[in-house]
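Listed here are the chains, written in short residue letters.
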Amino acid sequence: MHTLTPLLAQASGNNDAAALGALLALIAGFGMILVAAIVVMGIVTLIGMWKVFTKAGQPGWAVLIPVYNIIVLLRVAGLPWYWVFTPLIVVIPLLGAIAYLVWIVWVHHRISTNFGQGVGYTIGLTLLGPIFWLILGFGSSKYVGEQPAQA
């Protein structure tokens, strides 16, 4: 991009092309930083989920397999496997987005309670997933699974 800037400035004879080239370079730089941050957050989330899966007695490598990782996530949450089809409602524009958000929050809540955590942890998993997956995976929380109701 920097080699293009002088050529643009020379061709137009003014600084507008140079300013445009600098702006494009700045936007490209921010884009690369954003992509790098997303990749790092994805890797951190995978590491945390891997550890959570192993704490729950499931194979950690399952986080790497598409669809199967959702089935294992549902196992950890204590939900039936066929809930894997619930996110497919997303094809309905607004209703699907709302249903998907509710599904995510519900699964995170079930995982939180299965590790002895409360609603605050559910909010953390939903809004700050990479951090809370790491805390859940490497912290002192134990997987307690479904607890029968006390009479």
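Residues numbered from 1 in each chain as written. Predicted model: local features only at pLDDT ≥ 70, side-chain atom pairs only at ≥ 80, totals over all residues. Heavy atoms only, no water.

This part is about the overall build of the protein chain. Scanning the protein chain from terminus to terminus reveals six helices and zero strands. N-terminal to C-terminal, the α/β element order of the protein chain is α-α-α-α-α-α. Within the protein chain, the proportion of its 151 residues that are buried is 29%. Summarising the internal contacts of the protein chain: among those between residues at least 6 apart in sequence, 47% fall at separations of at least 24. Surface exposure of the protein chain reaches about 9,600 Å², of which carbon and sulfur atoms provide 76%. (Helix = DSSP H or I, 4+ residues; strand = E, 2+ residues; numbered from the N terminus. Buried < 20%, exposed > 50% of the residue type's maximum accessible area, 1.4 Å probe, protein only. Contact = heavy atoms within 4.5 Å. Areas by Shrake-Rupley, 256 points an atom, 1.4 Å probe, with all protein chains shown as cover.)

Ranked by internal contacts, the top residues of the largest apolar core, which has 23 residues, are Phe 53, Val 107, Ile 111 and Trp 133. Residue assignment for this core shows that the elements contributing at least two residues are helix H2 (16–55), helix H3 (68–77), helix H4 (93–114), helix H5 (119–127) and helix H6 (129–138). For this core, the element with the most residues is H3, which contributes six residues. Those residues in contact with Ile 111, other than ones at most four positions away along the chain, are Leu 73, Val 76, Ala 77, Leu 125, Trp 133 and Leu 136. (Core = buried A, V, L, I, M, F, W, Y, C linked by side-chain atoms within 4.5 Å.)

Turning to the packing of H3 against H4, a few remarks are in order. Here H3 crosses H4 at 50 degrees, and the two axes come no closer than 8 Å. One way to sum up the angle between H3 and H4 is to call them oblique. Residues Ile 70, Leu 73, Leu 74, Val 76 and Ala 77 of H3 form the contact with H4, whose participating residues are Trp 103, Val 107, Arg 110, Ile 111 and Asn 114. Taken together, the residues of the contact of H3 with H4 break down into eight nonpolar, one polar and one charged. (Axes fitted to C-alpha atoms, helices over the stretch in contact; angles between N-to-C directions. Parallel < 35°, antiparallel > 145°, perpendicular 65-115°, else oblique. Nonpolar A, V, L, I, M, F, W, Y, C, P; charged D, E, K, R; others polar.)

This paragraph deals with the environment of Gly 145. You can see Gly 145 is positioned in the segment after H6. Through-space distance from the C-alpha of Gly 145 to that of Phe 115 is 6.9 Å; in sequence the pair is 30 residues apart.

A few words now on a nonpolar patch on the surface. A surface patch of nonpolar side chains, about 690 Å² in accessible area, is lined by Leu 20, Leu 23, Leu 24, Leu 26, Ile 27, Phe 30 and Ile 33. If you trace the backbone, Leu 20 turns up in helix H2. (Patch = residues over 30% accessible without salt bridge, like charges linked within 9 Å, V, L, I, M, F, W, Y side chains within 5 Å. Salt bridge = Lys/Arg side-chain N within 4 Å of Asp/Glu carboxyl O.)

Without other data, these values stay purely geometric and don't point to any function.
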